[in-house]
Amino acid sequence: MPEIQKWADIKAPFLGGALLLGNGASMAVHSGFGYASLRLAAEQHGHLTSEVAEIFKSFETSDFELVLRRLWEATLVNKALGVEPGKVEEAYRQVRRALIATVRQVHISYEDAKQYFEPMSQFMKGFKTVFCLNYDLLVYWAMMASQHPLGNWFKDCFLGGGQFCEDWEVLRKPYRSEGSTLIFYPHGSLITARRAADHTERKITVGDFSRDLLENILGYWEKGWYVPLFVSEGTSVQKRNSIAGSNYLTRVYSEVLPRSGDSLVIYGWAAAEQDKHIWTQLCGSNSRLRRAAVSVYGGNQSGAQEMEDALKAAGVSEVFFFDAESPGCWIHPLRSNTHESSS
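The shown structure was predicted, so the numbers you read here are calculated from the model rather than taken from an experiment.

The rules behind each value
Residues numbered from 1 in each chain as written. Predicted model: local features only at pLDDT ≥ 70, side-chain atom pairs only at ≥ 80, totals over all residues. Heavy atoms only, no water. Helix = DSSP H or I, 4+ residues; strand = E, 2+ residues; numbered from the N terminus. Expected span 1.5 Å × (residues − 1). Buried < 20%, exposed > 50% of the residue type's maximum accessible area, 1.4 Å probe, protein only. Contact = heavy atoms within 4.5 Å. Salt bridge = Lys/Arg side-chain N within 4 Å of Asp/Glu carboxyl O. Pairing = 2+ DSSP bridges. Axes fitted to C-alpha atoms, helices over the stretch in contact; angles between N-to-C directions. Core = buried A, V, L, I, M, F, W, Y, C linked by side-chain atoms within 4.5 Å. Parallel < 35°, antiparallel > 145°, perpendicular 65-115°, else oblique. Polar contact = N/O pair within 3.5 Å; in protein donor to acceptor, adjacent residues only side chain to side chain. Patch = residues over 30% accessible without salt bridge, like charges linked within 9 Å, V, L, I, M, F, W, Y side chains within 5 Å. Areas by Shrake-Rupley, 256 points an atom, 1.4 Å probe, with all protein chains shown as cover.

Novice: How should helix H6 (residues 87-106) be read in this particular structure?
Specialist: The first and last C-alpha atoms of H6 sit 29 Å apart over 20 residues, in line with the 28 Å expected at 1.5 Å per residue. Along H6, the residues that are buried comprise Glu 89, Ala 91, Tyr 92, Gln 94, Val 95, Arg 96, Ala 98, Leu 99, Ile 100, Thr 102, Val 103 and Val 106. In the core, the buried residues of H6 are packed alongside helix H3 (38-44), helix H4 (50-59), helix H5 (64-81), strand S6 (188-195), helix H11 (213-223) and strand S8 (226-230).

Novice: Is there a simple way to think about the pattern of salt bridges in this case?
Specialist: Pairing between side chains of opposite charge can happen when their charged atoms approach one another. Within the structure shown, the criterion is met by 18 salt bridges. Taking the shortest distance from any N to any O, the salt bridge between Arg 104 and Glu 215 comes out at 3.0 Å. Residue Arg 104 is found in helix H6, and its partner Glu 215 is found in helix H11; the two are separated by 111 residues along the sequence. We note a salt bridge from Arg 172 to Glu 169, for which the minimum N-O separation is 3.2 Å. A relative accessible area of 16% places Arg 172 in the buried class.

Novice: What is the right way to read the sheet that holds strand S9 (residues 263-267) from this model?
Specialist: Hydrogen bonds between backbone atoms are what pair the strands of a sheet, whose relative direction is either parallel or antiparallel. Sheet architecture is open: 8 strands sit in the order S1-S11-S10-S9-S2-S3-S5-S4, paired in parallel fashion. Each end of this open sheet is capped by a strand with a single partner; those strands are strand S1 (4-5) and strand S4 (154-155). Relative to strand S11 (residues 318-323), strand S10 (residues 291-296) is paired through 6 bridges, and the arrangement is parallel. The partner of Arg 291 across the bridge, within S11, is Glu 318. With respect to the sheet, helix H8 (residues 117-124) is in contact with strand S2 (18-21), strand S3 (129-132), S4 and strand S5 (181-184), its orientation differing from that of S2 by roughly 140°.

Novice: Explain unusual backbone geometry here, please?
Specialist: Among all residues save glycine, negative phi is the norm, and among peptide bonds the norm is trans. For Ala 271, which is not a glycine, the phi torsion comes out positive at approximately 55°. Looking at the element boundaries, Ala 271 is found in the loop between S9 and helix H14 (276-283). Within the chain, Trp 330 stands out as a residue other than glycine whose phi angle is a positive 55°. By relative accessible area, Trp 330 is classed as buried at 1%.

Novice: Hey, could you run me through the sheet that holds strand S7 (residues 201-203) in this one?
Specialist: The sheet built from 3 strands is open, its strands ordered S7-S6-S8 with antiparallel pairing. Both edges of this open sheet fall to S7 and S8, since each of them pairs with a single strand only. Each adjacent strand pair in this sheet contributes to an overall mean axis angle of 45°, direction not counted. Pairing geometry for S6 and S8, over 4 bridges, is antiparallel. Its bridge partner being in S8, Ala 193 is matched across the sheet by Pro 228. Across the sheet, H11 is in contact with S6 and S8; its angle to S6 comes to roughly 35°.

Novice: Please explain the nonpolar core as it appears in this structure.
Specialist: The tendency in soluble globular proteins is for nonpolar side chains to be buried as a group. Counting 110 residues, the largest nonpolar core has Phe 184, Trp 221 and Trp 330 as its most contacted members. For this core, the leading source of residues is H6, giving 8 residues. Non-local contacts of Trp 221, meaning those with residues more than four positions away in its chain, are made with Arg 96, Leu 99, Ile 100, Val 103, Leu 190, Tyr 226, Pro 228 and Phe 230.

Novice: Got a minute to help me understand the environment of Pro 327 in this structure?
Specialist: Mapped onto the fold, Pro 327 is located in the segment after S11. Sequence separation between Pro 327 and Trp 7 is 320 residues, and the spatial gap between their C-alpha atoms is 7.0 Å. The residues touching Pro 327, leaving out its near neighbours within four places in the chain, are Trp 7, His 332, Pro 333, Leu 334 and Arg 335.

Novice: How should I be thinking about the packing of H8 against helix H9 (residues 138-145) in this particular structure?
Specialist: Axes are the key here: two packed helices are described by the angle between their axes and the distance separating the axes. In the contact formed by H8 and H9, the axes pass within 9 Å of each other and the chain directions differ by 85°. Looking at the two axes, H8 sits roughly perpendicular to H9. In contact with Phe 117, Met 120, Ser 121 and Met 124 of H8, H9 contributes Leu 138, Val 139, Trp 141, Ala 142 and Ala 145.

Novice: Looking at this structure, I do not really get the environment of His 107. What am I missing?
Specialist: Structurally, His 107 is set in the loop between H6 and helix H7 (110-113). Its relative accessible area of 7% is what places His 107 among the buried residues. A sequence separation of 149 residues divides His 107 from Val 256, and the C-alpha atoms of the two residues are 28 Å apart. Not counting residues up to four positions away in its chain, the partners in contact with His 107 are His 30, Phe 33, Asp 136, Leu 137, Trp 141, Leu 190 and Leu 214. At a separation of 3.2 Å, a polar atom in the side chain of His 107 contacts the main-chain amide nitrogen of Leu 137.

Novice: What am I meant to see in a nonpolar patch on the surface here?
Specialist: On the surface, Val 77, Leu 81 and Val 83 cluster together into a nonpolar patch covering about 280 Å² of accessible area. Residue position: Leu 81 is located in helix H5. For Leu 81, a relative accessible area of 64% gives the class exposed.

This is the structure in structure tokens:
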């Protein structure tokens, strides 16, 4: 079986490379993110009515975003044709209410999460590129909370008005004497949305970035100002189809993932079949990836050998595994002896 090492012992060659955060990274902060799907969470918390369940069944999917997008597009068609509001609009409202109630219940609060922001930002700042596959606000909160000590180190490539920077590569240039880490959401996030007024994609930037952000986002959904833009459910093919319907997600998928460099750290991601499309872009024929480090939680090496074999089959010559709870990685700060007292 592969050897499980400490992060500090293997990190040197990976600094300045890319970091991929999977659901395990969010679960390390809050167990409420451990549901297999938001649809399952909605069902278990009693937010999935029989009517909403039938809507999902008719679309043959468990993806909230996909169902909402298709219903929203149908309402636009009805409006353009002068069709009176009816079942489509009501179905859209019901699914939206279920999603809002579910996210509100499973998402951690800012106050409970803020204790982790400093070690998270310290870990992420060691990389040139960060990919977050999770829909939650943790990475964004940590990024924004770091502005006082780090300045504009982290950049998510959305400009002041919330629109994605088409020439995103120019943002790699450090601001003043600061470093630079670009953050991307290959599956979208709670902060990414389509604006109902003009159908454009953007980052939701209105309101306080910290304590009130989650409620502001849910409020904007409820008012119909924004339509969510994140892919959290479905097979790899279904996710790829959803990505194809978004300019931002397509740009990240087709341009950024394959150009992530020659080293990659994977934290909390099992590279399951439903994320095969992400694996293909990271390790495909156009990739320069030659070195990878993969986190292992609780000493559980299940799947480690399979991961190593798959990486090496893709041309990755060096593969390491490290303890997900070792000091200095993700939410686990470096141990320090500076607080020892002297007589």
